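# Architecture and fold: a report
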Amino acid sequence: MGYKNLLTRKQDGVGWIIINRPDKLNALNSETIKELYEAFLSLQESPDVRAIILTGSGEKAFIAGADIGELAQLEFSSGKDYVLEGQELSKLIENLRKPVIAAINGFALGGGTEMALACHVRIASDNAKMGQPEVKLGLIPGFGGTQRLARLVGKGIAMELILTGRIIDAQEAFRIGLVNRVVPQSELIPHCEALAKEMIANAPLALEYAIKAINIGLDKTLGEGLLNEAELFAKCCETEDSKEGTKAFLEKKKADFQGK
Ligand code: COA
């Protein structure tokens, strides 16, 4: 399917979504948010795709935030509808049945940090700059930043970043646990591709259930999370892939997973 603001492709089991508004530093306007929703849904359903990489086109930006031209027009009701749509996208990404990697290739500000937070793993290039500068615009993060940033890096650091609106560099993002790793810009794409391939060598349903177990568990008590983990582990035991994976190990062969 053709998109106005995205480039997508499928290659060796990896689905790529590249936000393509480089002249606007890949800022997220409403149209791009809708297209991202469609693109993630479509790659989730695609049998050729086992993991997804989200990045931005050009060398300067991942996503420089929500489109400030649009933010300027919002009133109470339209503002709520606007962020609910962005939140739906972030929930879709977070709960996708396939691993999603954010390849953060430059500015990831406001909605950019929020989209990265929704991804399962974040890898930053050494020129990345991240932050939630919404308070500088008289706003607060609305695509999940107040919730996911605090859950990922802790309440104190999230409070400081959101209340100052400070932009941090890639090393600082790594230090506080906002990104998993920092790599030289020229290595970002091959690094993320290799990471995606490392994941997709594993059983697809196990990846899906692992994502689900972690996500559901973080919203529950430890006891409830453990029960849910047991349920999903049991579901894995019913899959052909768990029979294949365990048998292949015992026979010292490479497993051939079918996602069944
Ligand atoms: N929304 C809409 N347009 C944006 C944008 C955003 N979030 N971020 C950048 N752009 C546009 C600029 O308006 C400019 O467009 P123009 O060439 O038509 O004037 C273009 O992208 C390039 O940006 P520019 O500001 O010239 O680049 P820079 O290298 O000087 O600065 C930033 C880069 C990221 C520091 C700066 O663009 C910025 O502060 N952007 C807003 C970040 C932000 O507050 N995001 C959170 C929003 S909730």
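Residues numbered from 1 in each chain as written. Predicted model: local features only at pLDDT ≥ 70, side-chain atom pairs only at ≥ 80, totals over all residues. Heavy atoms only, no water.

Pairing of strand S1 (residues 6-11) with strand S2 (residues 14-19), which is carried by six bridges, proceeds in the antiparallel orientation. Opposite Arg9, over in S2, you have Trp16 as the bridge partner. The turn linking S1 back onto S2 is made up of two residues, and Asp12 within it adopts a positive phi angle of 50 degrees. (Pairing = 2+ DSSP bridges. Helix = DSSP H or I, 4+ residues; strand = E, 2+ residues; numbered from the N terminus.)

Take the sheet that holds strand S5 (residues 100-104) next. With mixed pairing, the six strands of this open sheet are ordered in space as S1-S2-S3-S5-S7-S10. At either margin of the open sheet sits one strand with a lone partner, and together these are S1 and strand S10 (181-183). The mean inter-strand angle of the sheet, taken between neighbouring strand axes irrespective of direction, is 20 degrees. (Axes fitted to C-alpha atoms, helices over the stretch in contact; angles between N-to-C directions.)

Relative to the 22 Å expected for 16 residues at 1.5 Å per residue, helix H10 (residues 222-237) spans 22 Å between its end C-alpha atoms, a close match to the ideal helical length. Taken together, the buried positions of H10 are occupied by Gly225, Asn228, Leu232 and Cys236. Along the axis of H10, the buried positions cluster into a sector of 90 degrees, meaning they face one direction only. Exposed side chains of H10 directed beyond 90 degrees from the buried face belong to Leu227, Glu231 and Phe233. Elements in contact with the buried residues of H10: helix H9 (204-218) and helix H11 (240-250). (Expected span 1.5 Å × (residues − 1). Buried < 20%, exposed > 50% of the residue type's maximum accessible area, 1.4 Å probe, protein only. Arc of directions from axis to C-beta. Contact = heavy atoms within 4.5 Å.)

Here the focus is the sheet that holds strand S4 (residues 61-63). Sheet architecture is open: four strands sit in the order S4-S6-S8-S9, paired in mixed fashion. This sheet does not close on itself; its edge strands, each paired only once, are S4 and strand S9 (168-169). Inspection of the sheet shows S4 paired to strand S6 (residues 107-109) by two bridges, in the parallel sense. Considered in S6, the bridge of Ala61 is made with Phe107.

Take the layout of surface pockets next. Considering only enclosed or pocket space, the largest pocket measures out at about 730 Å³ in volume. As for the largest pocket, its lining consists of 26 residues, of which Glu94, Leu117, Ile214, Asn215 and Leu218 are closest to the centre. Every element with two or more residues in the lining of the largest pocket is listed here: helix H3 (76-94), helix H4 (111-118), strand S7 (121-125), helix H5 (145-153) and H9. Per element, the largest residue contribution to the lining of the largest pocket is seven residues, and it comes from H9. Residue composition of the lining of the largest pocket, by class: 13 nonpolar, seven polar and six charged. Split by domain, the lining of the largest pocket shows at least three residues from each of two domains, domain 1 (6-200) and domain 2 (204-250). Here the second largest pocket is characterised by a volume of approximately 450 Å³. (1 Å grid on protein atoms, 1.4 Å probe; cavity = no way out; pocket = protein on both sides within 12 Å on 5 of 7 lines; lining within 4 Å. Points joined across faces, edges and corners; volume = space filled by probe spheres on them. Nonpolar A, V, L, I, M, F, W, Y, C, P; charged D, E, K, R; others polar. Domains from an automatic or database assignment.)

Our next topic: the domain arrangement of the protein. Under the domain assignment used here, the protein contains domain 1 (6-200) and domain 2 (204-250). Computed over C-alpha atoms only, the centres of domain 1 and domain 2 are separated by 26 Å. Counting residues at the interface gives eleven residues for domain 1 and six residues for domain 2. Summed over both sides, the interface of domain 1 with domain 2 buries roughly 630 Å², with 59% coming from carbon and sulfur. On the domain 1 side of the interface with domain 2, the three residues burying the most area are Arg50, Arg97 and Pro99, jointly 50% of the side's total. At the junction of domain 1 with domain 2, the criterion picks out zero salt bridges. Across the side of domain 1 that touches domain 2, the residue classes tally to four nonpolar, two polar and five charged. (Buried area = accessible area lost by both parts, 1.4 Å probe. Salt bridge = Lys/Arg side-chain N within 4 Å of Asp/Glu carboxyl O.)

Glancing now at the environment of Ile52. Note that Ile52 resides in strand S3 (residues 51-56). Measuring from C-alpha to C-alpha, the distance between Ile52 and Glu75 comes to 35 Å, with 23 residues separating the pair along the chain. Discounting chain neighbours no more than four positions away, the residues touching Ile52 are Gly15, Ile17, Phe40, Leu43, Gln44, Leu96, Pro99, Val100 and Ile101.

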